Amino acid sequence: TTPSLLVCTANTKTLGVSLKSTIIPRSKATKLKFVSATFFLDKGVKHTKHKRVRTRSGKLKTVTVTTYTANATAHHLPVTLALKLAGLKTGTHTLTVKLSYKETKTTHGHKKTVTVHKTLKQKFRVC
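Residues numbered from 1 in each chain as written. Predicted model: local features only at pLDDT ≥ 70, side-chain atom pairs only at ≥ 80, totals over all residues. Heavy atoms only, no water.

S.K.: Could you give an account of the nonpolar core, with specific residues and numbers?
M.R.: Core analysis: the largest hydrophobic core is formed by 18 residues, its most contacted members being Leu15, Phe39, Leu41, Leu83, Leu85, Leu95 and Phe124. Put simply, the parts of the chain that give this core at least two residues each are strand S2 (14-19), strand S3 (32-41), strand S6 (72-74), strand S7 (79-84), strand S8 (91-107) and strand S9 (110-126). (Core = buried A, V, L, I, M, F, W, Y, C linked by side-chain atoms within 4.5 Å. Buried < 20%, exposed > 50% of the residue type's maximum accessible area, 1.4 Å probe, protein only. Helix = DSSP H or I, 4+ residues; strand = E, 2+ residues; numbered from the N terminus.)

S.K.: Go over the sheet that holds S8 with me, naming the residues and quoting the values.
M.R.: The five strands are arranged S1-S9-S8-S3-S6 in an open sheet whose pairing can be described as mixed. Each edge of the open sheet carries a strand with a single partner, namely strand S1 (8-9) and S6. Sheet analysis places S1 next to S9, joined by two bridges and oriented parallel. Each bridged residue has a counterpart across the sheet, and for Thr9 the counterpart in S9 is Val126. (Pairing = 2+ DSSP bridges.)

From the geometry alone we can't say anything about function, so treat these as descriptive.
Written as structure tokens, this is what we have:
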């Protein structure tokens, strides 16, 4: 759950996010097993590392490696998180949730468990 794009959230506050699973009674659908969910505000938390590498000519060169990690991770449901908006500039931002769950599929009488990944995105405004 996130605020609507029409609602403006102050960057001194937190963004409340909740994720839960509901069972549909008498459903014939495949049962799923939740594995994890990672929450990213825009790209996530930026990490910069400087690395020294040797070029083909033998000279040493400094290379900057930038990676992004999740702002939060959940390994069980239900979960309620408060993501800090401090540091976000005014304007439209994106909350991305990457879900992972296990699903058992039956093909030609053989059961096989596969991990499925889904991505959900929601835009929100910071003022």
